[in-house]
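Architecture at a glance
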Amino acid sequence: MILDRITNGERYACLSRDFARAFELLKQGDIARKEEGKYEVEGNRLYFMVQNYITKLAEERRFEAHRRYADIQAVFSGREAIGYRQAEGLEVQTEYDASKDIEFFETPDVYTSLQLEAGEFVVLFPGEAHMPQLQLSGPSQIRKIVFKILLSE
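Only a predicted model underlies this, so the values are computations on that prediction, with no experimental measurement involved. (Residues numbered from 1 in each chain as written. Predicted model: local features only at pLDDT ≥ 70, side-chain atom pairs only at ≥ 80, totals over all residues. Heavy atoms only, no water.)

1. A word on the sheet that holds strand S12 (residues 141-150)
In plain terms, the rule: Any two strands are treated as partners once DSSP identifies two or more bridges connecting them. Working definition: helices are DSSP H or I runs of at least four residues, strands are E runs of at least two. Numbering for both runs from the N terminus. A fitted line through C-alpha atoms serves as each axis, taken over the contacting stretch for helices, and the angle formed by two N-to-C directions is quoted from 0 to 180°.
An order of S1-S10-S5-S12-S3-S2 is seen for the six strands of this open sheet, with the pairing classed as antiparallel. Strand pairing shows two members of the sheet lacking a second neighbour, strand S1 (2-5) and strand S2 (37-40), which therefore form its edges. On average, adjacent strands in this sheet sit at an angle of 20 degrees to one another, irrespective of strand direction. As paired elements, S2 and strand S3 (residues 46-54) share four bridges and run antiparallel to each other. By the bridge assignment, Tyr39 is partnered in S3 with Phe48.

Okay, structure coming up:
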């Protein structure tokens, strides 16, 4: 997991060519003006989704993890919390769906709460369970870009 400001994204270009491209697009900023939806950059190897939503209570969300893709979740407006914990040892709620690269878990008693404000991002790697879209001190309107970066076939 990496938590930082979008303006520092070039620090992580060394992770791969696809990470470098994603951070380049995020830093340009105009990406956040796109309509809500999914956009391919390099086919299924690198794509992003523009999302708009209102943050929710933890009871309304659930932990998820991926096996093939890393996420870069970048907040452009609003504030949200993301629950974080390693997936290993968590109780599976919904079995892994390879076509969507996702599985869901019961919310553990103990987890870390990451706080993101506009201009910040988090990188979540395979095996890192996360529960996004959480309220901090009440509901918040969020504008977010989520990049999906394929790490293994």
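2. What to know about the pattern of salt bridges
Just so we agree on the cut-off: Should a side-chain nitrogen of Lys or Arg be within 4 Å of a carboxyl oxygen of Asp or Glu, the pair is scored as a salt bridge. Burial classes: relative accessible area under 20% of the type maximum marks a residue as buried, over 50% as exposed, and values in between as partly exposed (1.4 Å probe, protein chains only).
Going through the model one piece at a time under the given rule, you end up with 10 salt bridges. Among the ionic pairs, Glu10 bridges to Lys27, the shortest N-O distance being 3.2 Å. Residue Glu10 is found in the loop between S1 and helix H1 (17-28), and its partner Lys27 is found in helix H1; the two are separated by 17 residues along the sequence. With a relative accessible area of 49%, Lys27 lands in the partly exposed category. Residue Glu80 is joined to Lys144 by a salt bridge in which the shortest nitrogen-to-oxygen separation is 3.2 Å. Of this pair, Glu80 sits in strand S6 (residues 79-86) while Lys144 is found in strand S12, placing the two residues 64 residues apart along the sequence.

3. Structural notes on H1
To keep it simple, the criterion reads: Multiplying 1.5 Å by the residue count of a helix minus one yields the expected span of that helix. The arc in question is traced by the directions running from the helix axis to the C-beta atoms. Any two residues whose heavy atoms approach within 4.5 Å are treated as being in contact.
Given a rise of 1.5 Å per residue, 12 residues ought to cover 16 Å, and the 17 Å separating the end C-alpha atoms of H1 matches this to within 8%. For H1, the set of buried residues is Asp18, Phe19, Ala22, Phe23, Leu25 and Leu26. Angular distribution of buried residues about the axis of H1 spans 160 degrees; they occupy a single face of the element. Buried residues in H1 make contact with S3, strand S5 (69-77), strand S10 (120-124) and S12.

4. Things to note about the environment of Ala20
In this fold, Ala20 is placed in helix H1. Relative accessible area serves as the criterion here: at 25%, Ala20 is assigned to the partly exposed category. In the structure, Ala20 is positioned 49 residues away from Tyr69 in sequence and 15 Å away in space, judged by C-alpha atoms.

5. So, the packing of aromatic side chains
This is how it is decided: The rule is short: rings of Phe, Tyr and Trp, with Trp giving its six-membered ring, pair when the centres are within 6.5 Å, and they are stacked under 30 degrees, edge-to-face over 60, tilted in between. Counting as a charge over the ring demands two things of the Lys NZ or Arg CZ atom: a distance within 6 Å of the ring centre and an angle within 35 degrees of the ring normal.
Applying the stated criterion across every chain, the model contains eight aromatic pairs. Residues Phe48 and Phe147 carry aromatic rings whose centres are separated by 5.1 Å and whose planes lie at 40 degrees to one another, so their mutual orientation is tilted. Here Phe147 lies in strand S12 and Phe48 lies in strand S3, a separation of 99 residues in the sequence. Classification of Phe48 by relative accessible area gives buried; the value is 4%. Through a chain of ring-to-ring contacts, the aromatic side chains of Tyr12, Phe23 and Phe121 assemble into a single cluster. We note Lys38 situated over the ring of Tyr47; from NZ or CZ to the ring centre the distance is 4.3 Å. One cation-aromatic arrangement involves Arg67 over Tyr96; the distance from NZ or CZ to the ring centre is 4.0 Å.

6. Some remarks on the layout of surface pockets
To be explicit about the condition: The way it works is a 1 Å grid over only the protein atoms, where trapped points that fit a 1.4 Å probe form a cavity and open points with protein on both sides within 12 Å along at least five of seven lines form a pocket, and then any residue with an atom within 4 Å of a point lines it. Grid points are joined across faces, edges and corners, and a volume is the space filled by probe spheres set on the points. For this scheme, ten residues count as nonpolar: Ala, Val, Leu, Ile, Met, Phe, Trp, Tyr, Cys and Pro. Four count as charged, namely Asp, Glu, Lys and Arg, and the remainder, Gly too, count as polar.
What the largest pocket holds in volume is close to 370 Å³. Looking at the largest pocket, it is lined by 21 residues, and the ones nearest its centre are Met49, Glu64, His66, Ile102 and Lys148. Those elements that provide at least two residues to the lining of the largest pocket are S3, S5, strand S11 (128-134) and S12. Residue composition of the lining of the largest pocket, grouped by class: seven nonpolar, six polar and eight charged.

That's the geometry; what it means functionally is another story.
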